[in-house]
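For reference, the chains in residue letters:
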Amino acid sequence: METIEYIDSYFQQTMNEDERRVFEKKCEEDNAFAQEVAIYIMTRESLREELLQQKQAAWRIKNIIDELPFIPTLKKSLANRWITYVAAACLVLAASVYFFETNPSPKKLAENYIKTNYSNLSLTMDASRDSLQLGIDAYNNKEYDKALRLFNGIEKNDTQNSDAKKYAGITYMQKEEYDSALLQFDALSKMKGLFSNSGDFLKAVALMGRNKPGDRDKAKMLLQKVLSQKEEGSDKAEEWEKKL
Amino acid sequence: MLHQDSDILFGLKAGYKQRTAYEKILYNQYAYFIDEGCRKQSINYDESFSAYSDAVLSAIHNIINNHFDGRSSIKTYLYQIFSNKCIDLVRKNTTNKHQVHKTMPVPEMMNQLPDSTRTSIERLMHNELKAKIRTQLGTIGKKCKELLLMFEDGLTDKEIAQELSYNNAAVVKTTRLRCLEKLREKVTE
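Residues numbered from 1 in each chain as written. Chains lettered and ligands numbered in written order. Predicted model: local features only at pLDDT ≥ 70, side-chain atom pairs only at ≥ 80, totals over all residues.

A. Structural view of the overall build of chain B. For chain B, the helix and strand inventory stands at 10 helices and 0 strands. Intrachain contacts of chain B at a sequence separation of at least 6 include 53% that bridge at least 24 residues. (Helix = DSSP H or I, 4+ residues; strand = E, 2+ residues; numbered from the N terminus. Contact = placed C-beta atoms within 7 Å.)

As structure tokens, then:
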């Protein structure tokens, strides 16, 4: 087994330059050793071919289905056909009711989350009447346009104000202006050095709320990122990731 | 729906289970290359399919091993690998037609060796040996084969330990080498 380990470490690139040179010289001078190396390489190559066959089978499934010949259905009597239609409609209806009861849409999940968690924003600790505080007051009074003017104003003067970005994004979500919310959360997620950054999680919420084609997949990936990097919102991310 | 490069890269690197889904996404996204291969390289559909899936597998392994530096799009990168595989196929077909040498495709691993060493090894590689290895692969046991295939698929010993419930990466490495040894013995006996 020592020989295989030695050959394996060469191809795993764990040898230093000198060790590599010794290995290469041995291949050229020792025919029995060269034979072992040839077997190792061909074994790995055979494994790759086997792997490729497995992958081809998995990747090709869709194509096989597409290529299946079209088989026309047999003609049925009118009554039979109607019974089939009604039964199918009932099944679809029952399945839809079950699906929507047990699997709320991403949009619904996002809307419920915003409603539960962001009906009101918390006042800051010092309760001073600065622009951020005024913005929060306006938001809590449902004066969203005024709140946005204040949050955006803060951002203009202080581009590093993470709270202003976060609150502006949340306000846009309340107004269902998800594109603008995404811009805010994207900028927030890129900010470095914050004690806690909810940018990625809120971006996922905004994508779920917007619910355009592809948004669901993007939201899912962001939730997985939040989970894997234990970012703010990872509890909720774990719950939603399974539902998306 | 077209997936962005960043999504595919993230998905392929996100872990073994997630990777499988993104491999298929990548495969489907550029599967039209297969038809282009038939048209531009004058190879048949099965050959073009084989070259394309081989190229996808190589691209995936390069991406997960961080050998893809992102200087081009995935599409351009994949197309380059695919074109090279097609050219190899055309070359192989031409050589076979003329029956000059009974050649076999050179494994990618050979590129790690310098030219002089490569020559010493290449002369010992032949189709009979390969056929023997392929046959003996079915006799080393299901677990051994599964482990070796996972390693070949780019999983680290640590990842294999998690997937196949081994105690740690060191156990996987020892088991993997034992499996290779077992196969070698069967091939050479």
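From this point, the narrative continues.
B. Representation of the environment of Glu-50 of chain A in the model. Looking at the secondary structure, you find Glu-50 of chain A in helix H3 (residues 31–67). Residue class for Glu-50 of chain A comes out partly exposed when judged on the 17 C-beta atoms lying within 10 Å of it. Sequence-distant contacts of Glu-50 of chain A, defined by excluding residues within four places in its chain, comprise Leu-137 and Leu-149 of chain B. (Buried ≥ 20, exposed ≤ 12 C-beta atoms within 10 Å, placed from the backbone.)

C. Examining the interface of chain A and chain B more closely. Contact residues are listed per partner, giving 35 residues for chain A and 39 residues for chain B. Of all the secondary structure elements, the ones that give two or more residues to the side of chain A that touches chain B are helix H1 (2–11), helix H2 (17–29), H3 and helix H11 (215–228) of chain A. With 21 residues, H3 of chain A is the largest single contributor of residues to the side of chain A that touches chain B. Class assignment of the residues belonging to the side of chain A that touches chain B gives a composition of 17 nonpolar, 6 polar and 12 charged. (Nonpolar A, V, L, I, M, F, W, Y, C, P; charged D, E, K, R; others polar.)

D. How the structure looks around the packing of helix H6 (residues 131–140) of chain A against helix H8 (residues 162–174) of chain A. Residue and element names in this part refer to chain A. Running from amino to carboxyl end, H6 crosses H8 at an angle of 15 degrees, the nearest separation of the two axes being 11 Å. In this view, H6 runs roughly parallel relative to H8, as classed from their interaxial angle. When the axes of H6 and H8 are compared, the crossing they make is left-handed. Across the interface between the two elements, Leu-132, Gly-135, Ile-136 and Tyr-139 from H6 touch Asp-163, Ala-164, Tyr-167 and Thr-171 from H8. (Axes fitted to C-alpha atoms, helices over the stretch in contact; angles between N-to-C directions. Parallel < 35°, antiparallel > 145°, perpendicular 65-115°, else oblique. Left-handed = near helix turned anticlockwise from the far one by under 90°.)

E. Spatial organisation of the nonpolar core. Ranked by size, the top nonpolar core spans 37 residues in total, and within it Phe-151, Tyr-167, Ala-204 and Ala-206 of chain A carry the most contacts. Those elements that provide at least two residues to this core are helix H5 (106–117), H6, helix H7 (144–157), H8, helix H9 (178–189), helix H10 (199–210), H11 and helix H12 (234–243) of chain A. Top element by residues in this core is H10 of chain A. It accounts for 7 residues. Those residues in contact with Tyr-167 of chain A that lie beyond four places of it in its chain are Leu-121, Gly-135, Ile-136, Tyr-139 and Phe-151 of chain A. Counting 25 residues, the second-largest nonpolar core is a separate cluster that includes Tyr-40 and Ile-41 of chain A together with Ile-121 and Met-150 of chain B. (Core = buried A, V, L, I, M, F, W, Y, C linked by C-beta atoms within 7 Å.)

F. Inspection of unusual backbone geometry at higher detail. All names here are of chain A. For Lys-230, which is not glycine, the phi torsion reads 50 degrees and is therefore positive. Within the fold, Lys-230 resides in the loop between H11 and H12. Among the residues examined, Lys-230 registers 8 C-beta atoms within 10 Å and is labelled exposed.

G. Broad picture of the confidence of the model for chain A. The predicted model of chain A has a mean per-residue pLDDT of 83, with 86% of residues at 70 or higher. A low-confidence stretch, residues 63–75 of chain A (pLDDT under 50), is modelled with 0 contacts involving residues beyond four sequence positions or located in other chains. (pLDDT = per-residue confidence, 0-100.)

H. Representation of the packing of H6 of chain A against H7 of chain A in the model. All names here are of chain A. Where H6 contacts H7, the two axes come as close as 8 Å, and the packing angle between them is 160 degrees. Taken together, the axes of H6 and H7 lie roughly antiparallel to each other. Along this stretch, H6 crosses H7, giving a crossing that reads as left-handed. Where H6 abuts H7, its residues Ser-131, Leu-132, Leu-134, Gly-135, Ala-138 and Tyr-139 lie against Tyr-144, Lys-146, Ala-147, Leu-150, Phe-151, Gly-153 and Ile-154.

I. A look at H7 of chain A. All names here are of chain A. Taking 1.5 Å of rise per residue, the 14 residues of H7 would be expected to cover 20 Å, and the 20 Å separating its terminal C-alpha atoms lies within 8% of that figure. Those residues of H7 lying buried are Ala-147, Leu-148, Leu-150, Phe-151 and Ile-154. For H7, the angular spread of buried residues about the axis comes to 165 degrees, placing them on one side. Along H7, exposed side chains directed more than 90 degrees from the buried face belong to Asp-145, Lys-156 and Asn-157. Of the surrounding elements, those touching the buried residues of H7 are H6 and H8. (Expected span 1.5 Å × (residues − 1). Arc of directions from axis to C-beta.)

J. Layout of the confidence of the model for chain B. All names here are of chain B. When pLDDT is averaged along chain B, the result is 86, and 93% of the positions lie at 70 or above. Mean pLDDT across the elements of chain B ranges from a minimum in helix H5 (residues 74–98), with 83, to a maximum in helix H8 (residues 142–152), with 94. Scoring of the predicted complex yields 0.55 for pTM and 0.87 for ipTM.

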